[in-house]
Amino acid sequence: MLRHPKTRESLVTENRETELLASVPDGLFIGGEWVAASGDRTLKVYDPATGDVIKTIADASPEDGMKALDAAAEAAASWAATPARVRGEILRRAFDLLQERKEDFALLMTLEMGKPLAEARGEVAYGGEFLRWFSEEAPRVQGRYGANPEGTGRMIVSQHPVGPCFLITPWNFPLAMATRKIAPALAAGCTVVIKPAELTPLTTLLFAKLLQDAGLPKGVVNVFSTSTSGAVSGPIIADPRLRKLSFTGSTPVGQKLLQQASVNVLRTSMELGGNAPFVVFDDADLDKAVEGAIAAKFRNIGQACTAANRFIVHRSVADEFARRVTERVQGFATGRGTEDGVTIGPLINEAAVEKASSLVQDAVARGAVVTTGGARVERAGTFYEATVLTDVRPGSDILREEIFGPVLAIVPFDDEDEAVRLANDTEYGLVSYVYTESLSRGQRMIERLETGMMGLNVGVVSNAAAPFGGWKLSGLGREGGAEGIHEYLQTKYTLTANPFA
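Okay, so let's go over this structure. (Residues numbered from 1 in each chain as written. Predicted model: local features only at pLDDT ≥ 70, side-chain atom pairs only at ≥ 80, totals over all residues. Heavy atoms only, no water.)

## Things to note about the overall build of the protein chain
The number of helices and strands found in the protein chain is 15 helices and 22 strands. Compactness check: the protein chain gives a C-alpha radius of gyration of 24 Å against a globular reference of 23 Å for 501 residues, within 12% of the reference. Expressed as lengths along the three principal axes of its C-alpha atoms, the size of the protein chain is roughly 75 × 65 × 40 Å. Out of the 501 residues belonging to the protein chain, those deemed buried represent 56%. Averaging the positions of the 52 positive and the 62 negative side-chain charges in the protein chain gives two centres separated by 4 Å. (Helix = DSSP H or I, 4+ residues; strand = E, 2+ residues; numbered from the N terminus. Rg over C-alpha atoms; globule rule 2.2 N^0.38 Å. Buried < 20%, exposed > 50% of the residue type's maximum accessible area, 1.4 Å probe, protein only. Lys, Arg positive; Asp, Glu negative; His and termini not counted. Charge placed at Lys NZ, Arg CZ, Asp CG, Glu CD.)

## A closer look at the pattern of salt bridges
Under the defined criterion, the tally for this structure stands at 34 salt bridges. When the shortest N-O distance is used, the salt bridge between Asp-282 and Arg-441 registers 3.8 Å. Taken together, the residues span a long stretch of sequence, with Asp-282 in the loop between β12 (276-280) and α10 (286-298) and Arg-441 in helix α14 (residues 439-448) at a distance of 159 residues. Judged by relative accessible area, which is 16%, Arg-441 ranks as buried. Arg-366 is the partner of Asp-362 in a salt bridge, and the nearest nitrogen-oxygen pair spans 3.1 Å. Owing to a relative accessible area of 16%, Asp-362 belongs among the buried residues under this scheme. In this structure Arg-366 comes out as partly exposed when scored by relative accessible area, which is 38%. (Salt bridge = Lys/Arg side-chain N within 4 Å of Asp/Glu carboxyl O.)

## Some details on helix α13 (residues 416-424)
Across the nine residues that make up α13, a large majority, seven, are buried. Every buried residue of α13 is listed here: Glu-416, Glu-418, Ala-419, Val-420, Leu-422, Ala-423 and Asn-424. Here the buried face of α13 lies against β12, β13 (308-314), β16 (407-413), α14 and β20 (471-472). If you check the start of α13, you find a side-chain oxygen 3.3 Å away from the backbone N of Asp-417, and it comes from Asp-415. (Contact = heavy atoms within 4.5 Å. Polar contact = N/O pair within 3.5 Å; in protein donor to acceptor, adjacent residues only side chain to side chain.)

## Concerning the pairing of strand β15 (residues 387-390)
Burial of the side chains of β15 extends over both faces: Thr-387 and Leu-389 are buried on one face and Val-388 and Thr-390 on the other. As judged from the three bridges shared by strand β14 (residues 369-372) and β15, these two strands associate in the antiparallel manner. Across the sheet, Val-370 pairs through a bridge with Leu-389, a residue of β15. (Pairing = 2+ DSSP bridges.)

## Observations regarding the sheet that holds strand β6 (residues 153-161)
Here we have three strands laid out as an open sheet, ordered β5-β6-β22, and antiparallel in their pairing. In this open sheet, the two strands that pair with only one neighbour each are β5 (144-147) and β22 (489-497). For this sheet the average axis-to-axis angle between neighbouring strands, irrespective of direction, equals 20°. Two strands pair when backbone bridges link them, and β6 and β22 are joined in this way by nine bridges, in the antiparallel orientation. Its bridge partner lying in β22, Val-157 is registered against Tyr-493. (Axes fitted to C-alpha atoms, helices over the stretch in contact; angles between N-to-C directions.)

## Regarding the nonpolar core
Across soluble globular proteins, nonpolar side chains show a tendency to be buried alongside one another. Residues Phe-278, Val-279, Phe-311, Phe-321, Ile-398 and Ile-410 are the most contacted members of the largest nonpolar core, which totals 68 residues. Element by element, the count of residues in this core is highest for α10, at seven residues. What Ile-410 contacts, discounting residues up to four positions off in sequence, is Phe-311, Val-313, Phe-321, Ala-322, Val-325, Val-388, Leu-389, Thr-390, Asp-391 and Val-392. Counting residues in hydrophobic clusters, the runner-up holds 64 residues, among them Leu-97, Leu-111, Ala-178 and Ala-183. (Core = buried A, V, L, I, M, F, W, Y, C linked by side-chain atoms within 4.5 Å.)

## Here we look at the state of the cysteines
Taken as a whole and assessed by the stated rule, the structure comprises zero disulfides. Here Cys-165 is not disulfide-linked; the sulfur of Cys-190 is the nearest cysteine sulfur, at 4.0 Å. (Disulfide = S-S within 2.5 Å.)

## Quick notes on the sheet that holds β14
Strand order in the open sheet formed by seven strands is β14-β15-β16-β13-β12-β18-β19, with mixed pairing between adjacent strands. The open sheet has two edge strands, β14 and β19 (453-456), and neither has a second partner. The mean inter-strand angle of the sheet, taken between neighbouring strand axes irrespective of direction, is 25°. Here strand β18 (residues 431-435) pairs with β19 via four bridges, running parallel.

## A look at unusual backbone geometry
Of note in the backbone geometry, Asp-40 takes a positive phi value of approximately 55° without being a glycine. With relative accessibility at 60%, the residue Asp-40 sits in the exposed group. The phi dihedral of Asn-300 is positive, around 60°, even though this residue is not glycine. Within the secondary structure layout, Asn-300 lies in the loop between α10 and β13. The exposure class of Asn-300 is buried, given its relative accessible area of 0%.

Shown next as structure tokens:
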């Protein structure tokens with residue numbers, strides 16, 4: 001078969017990708033230096049859209065992980081003593097540099113994770129806001145002073161950095177998850193060791209290089225990638241010098257990490273799994289509900305903990321809602337994220353495709369109807385069709401498990417109490433979405449839905465200025481907002497003698 005010659009435009013794009021990948025460090029970032037892994041261990045990073053290896057980087061051993069913690073512990077005292085304004089200015093410089101290099105970061109995320117380039121640009125904007133927000137929060141950490149009720153002394157309540165932190169980030173938002181954890185830690189005066197996901201480590205490595213350029217002192221941030229996460233992370237978590245563990249990922253892994261963290265009573269932040277309900281009432285504005293559904297479901301190819309999982313739609317509008325979303329989804333373009341007009345990129349790996357396929361097949365076997373999609377895409381890479389299911393029956397696996405793929409599953413309901421019951425029928429409680437034109441119903445749903453976040457007539461809730469986190473098995477603690485920096489601070493109370501006694 002004859003191959004078509006490459007166009008000038010495709011060659012330019014290919015050259016840009018090659019140059020960008022060459023600029024990404026391939027070592028471990030420890031103590032302000034880029035170093036090889038012990039034993040020169042390496043791991044390969046793949047493009048999920050093609051299956052090709054795009055870069056080979058250092059693969060940290062347990063010994064390398066401890067070196068990273070050594071560097072963070074050594075830098076902890078000096079960084080904690082650095083004036084808050086100085087810490088904030090470094091974060092602000094990092095924000096400014098990210099704006100200058102936004103196209104590089106967007107393209108890199110598309111290459112290693114697969115999301116469409118337009119969405120990757122959105123993540124750069126979102127991730128950058130954590131740098132800007134916490135650059136402003138750094139000098140605003142406050143305490144209080146006042147007389148005790150008995151009048152016998154004066155109470156001083158002060159906030160202090162918790163100490164060295166270990167941050168573990170997921171593969172689906174490589175930049176935003178790094179900035180959402182690193183920025184508040186640095187603003188609070190903590191040093192960090194960060195371990196990006198094995199599948200998407202390149203963005204974090206490039207971000208560490210950016211922090212270097214922003215003037216971050218040596219040892220304040222240390223980065224390692226590894227193919228043996230448990231073996232490398234275990235000794236770090238067990239070390240008494242570590243004082244904080246932050247993890248974003250699956251609930252089962254989070255539960256294991258919490259057990260390990262309990263030994264040294266570490267401060268923990270856990271952003272875990274989700275099973276978000278998207279409730280559409282009979283009085284909803286369907287145009288807005290459909291727009292919200294598309295955003296809540298198909299953002300990041302459905303690979304987000306905040307992705308709507310169960311579309312609980314009033315029976316009187318369920319058919320029309322299904323018709324409209326099906327029409328929209330049928331207009332999606334599937335392909336490599338760098339291609340113009342692509343809406344749906346690849347899933348992260350073959351296991352993700354198999355999971356989506358299994359969930360759809362189970363739902364159909366129980367009586368669900370596929371209105372569009374429902375199969376993997378037969379091409380190189382790990383693609384699955386954007387899919388809409390209607391009449392999903394109780395007991396279907398897709399209603400219990402987090403899909404993490406481009407599958408929209410619709411369940412009808414008849415009244416508000418049933419909608420609440422269906423929405424809360426999960427061990428997770430990260431986020432919920434509700435569409436109704438009734439103010440009183442909206443207020444009731446705020447009170448009744450068991451989630452840490454809620455979108456009322458909106459399909460995307462994430463914002464750097466807001467506290468991100470869930471209830472139940474969806475996690476502990478909050479990231480972002482005024483609450484975010486307090487996850488990295490510890491409180492000290494001091495009683496002084498009455499100065500007038």
